[in-house]
Amino acid sequence: MNFLQSFFRLKENGTSVRTEVVAGVTTFLTMAYIIFVNPSILGDAGVPKEAVFVATCFAAALGTIIMGLYANYPIAMAPGMGLNAYFAYAVVLGMGISWQAALGAVFISGCLFVLVSLLGVREQIVNGIPHSLRTAITVGLGLFLALIALKSAGIVVANPATLVGVGDLHQPSTIMAICGFMLIVTLDRLKVTGAILIGIVAVTVMSFFFGGNTFHGLVSMPPAIEPTLLKLDLQGAFSVGLLNVVLVFFLVELFDATGTLMGVASRAGLLVGGKMERLNKALLADSCAIVAGSMLGTSSTTAYIESAAGVQAGGRTGLTALVVAALFLASLFIAPIAGVVPAYATAPALLYVACLMLRDLTEVDWSDSTESVPAAITALLIPFTYSIAHGIAFGFITYAALKLATGQARKVKPIVWLIAAVFLFKYAYLKA
């Protein structure tokens, strides 16, 4: 205990071992779905599903361990949603490229990531983000979380006439999700420790009685990872002209991870003067995880927005991340237990965290439209495009354009012009 206290600086961060463990379990439960969703998506592209299951657990654990031990942040990592879909449906199935070559493209983008992180370029990009956009990213992540949560709960569904609509509120799963949300808010207001975790467990238990959930046992042996381990095709990645693919991976990874890191750190109160003290370490952890994941046999690994749930549960240090990593490794053997938590059980936790993240809107200078409008665009486009990267891209482009149009170009940092130009080039000439 003394070692943990000193290594992770628990007292300095106002937390304890118990709180960090509860936070780690909470974060894991909200993102455990990736263990089963990622193999399903990559499997559609012909990647062996069972091997992807193992690769997903290992990649998530490895990246999260690095984040916890090296950067000491309560941020978990795993193969990113959206990036795995782009890998499977756009690159492999859409462009007819082998999944081995696609893994090679991920590996190359990861190496580029490591390079720009070591050179401090990525840190300059993050620190160059204007305060209004930095605030908007946190809010946008909150709205994104809310959309994911409402969809998982069945409250919001797709509608061909209006894009989205209200779901069937008579479904047992939806009713249980609503009850879970009210329980979490009530317990947290009453300052009950582990309120979010209690809510997730309560809905999971109810799902056995009212949702048709079934128990599939305790343990199972993990399948072999050999079918995907080190199967990346670097020669193929270079020979088929995957510059577009590598650049898209690079840009989406850069701003998805950056947005998540800044948003979760802001929610945890870990920003000092609007900046992350150990940002470069966090970025290096993220970069190394991408490289390792591609070698194991999965698409790009990134920081997870669901880490905000663990932060709300009190997580403040890398110990939270280590707990998440341990649970991912345990999932190799206890997949039946991990898979028993339904999506509508974690939805209330994500929705509550989303509600809390919206309060950062008060930090935007609404009297200056050249600051407030780009912030609003960023916050709105993240959920409406279902992409953190696209939301940030439109925010940067709008910010630069408005500052230029109103004669305030000198107030804009060079890195903002560069990022806006890169995104304009991407939208003009590259397909994503």
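Residues numbered from 1 in each chain as written. Predicted model: local features only at pLDDT ≥ 70, side-chain atom pairs only at ≥ 80, totals over all residues. Heavy atoms only, no water.

Looking at an unreviewed UniProt entry, one finds the protein chain named NCS2 family permease and attributed to Rugamonas apoptosis. Annotation of the protein chain in UniProt includes, under Sequence similarities (unreviewed entry), the sentence "Belongs to the nucleobase:cation symporter-2 (NCS2) (TC 2.A.40) family. Azg-like subfamily." (UniProt positions renumbered as here; feature names shortened; annotations may be inferred.)

Enquirer: When you look at the overall build of the protein chain in this model, what are you seeing that I'm missing?
Expert: In terms of regular secondary structure, the protein chain is built from 20 helices and 6 strands. The principal-axis extents of the C-alpha atoms in the protein chain amount to approximately 60 × 55 × 55 Å. In the protein chain, buried positions account for 56% of the 432 residues. Restricting the contact set of the protein chain to residue pairs at least 6 apart, pairs at least 24 apart contribute 82%. About 17700 Å² of surface is accessible on the protein chain, with carbon and sulfur atoms providing 68% of the total. Taking the average place of the 22 positive charges on the side chains of the protein chain and the average place of its 19 negative ones, the gap between the two points comes to 6 Å. (Helix = DSSP H or I, 4+ residues; strand = E, 2+ residues; numbered from the N terminus. Buried < 20%, exposed > 50% of the residue type's maximum accessible area, 1.4 Å probe, protein only. Contact = heavy atoms within 4.5 Å. Areas by Shrake-Rupley, 256 points an atom, 1.4 Å probe, with all protein chains shown as cover. Lys, Arg positive; Asp, Glu negative; His and termini not counted. Charge placed at Lys NZ, Arg CZ, Asp CG, Glu CD.)

Enquirer: Is there a simple way to think about helix H10 (residues 195-210) in this case?
Expert: One turn of the α-helix equals 3.6 residues, which is why residues spaced by three or four share an orientation. The terminal C-alpha atoms of H10, which comprises 16 residues, lie 22 Å apart, in line with the 22 Å expected from a rise of 1.5 Å per residue. When we look at burial in H10, the residues that qualify are Ala195, Ile196, Leu197, Gly199, Ile200, Val203, Thr204 and Ser207. Along its buried surface, H10 packs onto helix H2 (17-31), helix H9 (172-189), helix H14 (307-312) and helix H17 (343-357). (Expected span 1.5 Å × (residues − 1).)

Enquirer: Could you clarify how one ought to interpret the pairing of strand S3 (residues 163-166) in this entry?
Expert: On a regular strand, one side chain projects to one face of the sheet and the next to the other, so that they alternate. Summarising the sheet, strand S2 (residues 156-159) and S3 pair through 4 bridges and their orientation is antiparallel. Within S3, the residue paired with Ala158 across the bridge is Val164. Where S2 hands over to S3, the hairpin turn is made up of 3 residues, counted between the paired strands. (Pairing = 2+ DSSP bridges.)

Enquirer: So what exactly am I meant to see when it comes to helix H18 (residues 369-384) here?
Expert: Between its terminal C-alpha atoms H18 stretches 21 Å, which fits the 22 Å expected from 16 residues at 1.5 Å a residue. Buried residues of H18: Thr370, Glu371, Ser372, Pro374, Ala375, Thr378, Ala379, Ile382 and Pro383, and no others. Two residues or fewer past H18, Tyr386 is found with a positive phi of approximately 55°.

Enquirer: Help me out: how do you make sense of the confidence of the model for the protein chain in this one?
Expert: Detailed reading of predicted coordinates is not advised where the pLDDT is low. With 94% of its residues at a pLDDT of 70 or more, the protein chain has an overall mean of 84. No element of the protein chain has a lower mean pLDDT than helix H16 (residues 335-338), which averages 65, and none a higher one than helix H15 (residues 318-330), which averages 93. (pLDDT = per-residue confidence, 0-100.)

Enquirer: I would appreciate a short explanation of the packing of aromatic side chains in the present structure.
Expert: The way to describe two aromatic rings as a pair is by their centre distance and the angle between their planes. All chains considered together, the criterion is met by 6 aromatic pairs. A centroid spacing of 5.1 Å and a plane angle of 85° characterise the contact between Phe28 and Phe328, whose relative ring orientation is edge-to-face. A residue pair is termed long-range when its members are at least 10 positions apart, and Phe28 in helix H2 and Phe328 in helix H15 qualify at 300 residues. Of the two residues, Phe28 and Phe328, neither departs from the other in class, the shared state being buried. For the pair Phe423 and Tyr427, a centre-to-centre distance of 6.4 Å together with 25° between the ring planes defines the contact as stacked. Of this pair, Phe423 and Tyr427 are both found in helix H20 (residues 414-429), 4 residues apart, which corresponds to roughly one turn of the helix. (Phe/Tyr/Trp six-rings, centres within 6.5 Å; stacked < 30°, edge-to-face > 60°.)

Enquirer: What am I meant to see in the domain arrangement of the protein chain here?
Expert: Interfaces are frequently sized by the accessible area removed from exposure as the parts join. What the domain assignment lists for the protein chain is domain 1 (3-153 + 219-338) and domain 2 (369-431). Placing a centre on the C-alpha atoms of domain 1 and another on those of domain 2 gives a separation of 24 Å. On the side of domain 2, 25 residues touch domain 1, which itself brings 27 residues to the contact. Counting each side, the surface lost to burial between domain 1 and domain 2 is near 2200 Å², with a carbon and sulfur contribution of 81%. Where domain 1 touches domain 2, the interface holds 0 salt bridges. Applying the counting criterion to the domain 1 and domain 2 interface returns 1 residue pair in polar contact (both at pLDDT 80 or more). Contributing elements (two or more residues each) for the side of domain 1 that touches domain 2: helix H7 (121-127), helix H8 (131-153) and helix H12 (243-267). Here the side of domain 1 that touches domain 2 is built from residues that sort into 18 nonpolar, 8 polar and 1 charged. (Domains from an automatic or database assignment. Buried area = accessible area lost by both parts, 1.4 Å probe. Salt bridge = Lys/Arg side-chain N within 4 Å of Asp/Glu carboxyl O. Polar contact = N/O pair within 3.5 Å; in protein donor to acceptor, adjacent residues only side chain to side chain. Nonpolar A, V, L, I, M, F, W, Y, C, P; charged D, E, K, R; others polar.)

Enquirer: Would you mind showing me how to read the pattern of salt bridges here?
Expert: Any two side chains of opposite charge can pair, given that their charged atoms come close. A full pass over the atoms with the stated rule returns 3 salt bridges. For Glu226, the salt bridge goes to Lys231, with nearest N and O atoms at 3.2 Å. For Glu371, the salt bridge is made with Lys403, and the minimal N-O distance between the two is 3.0 Å. Residue Glu371 is located in helix H18, and its partner Lys403 is located in helix H19 (residues 388-405); the two are separated by 32 residues in the primary sequence. One exposure class covers both Glu371 and Lys403, and it is buried.

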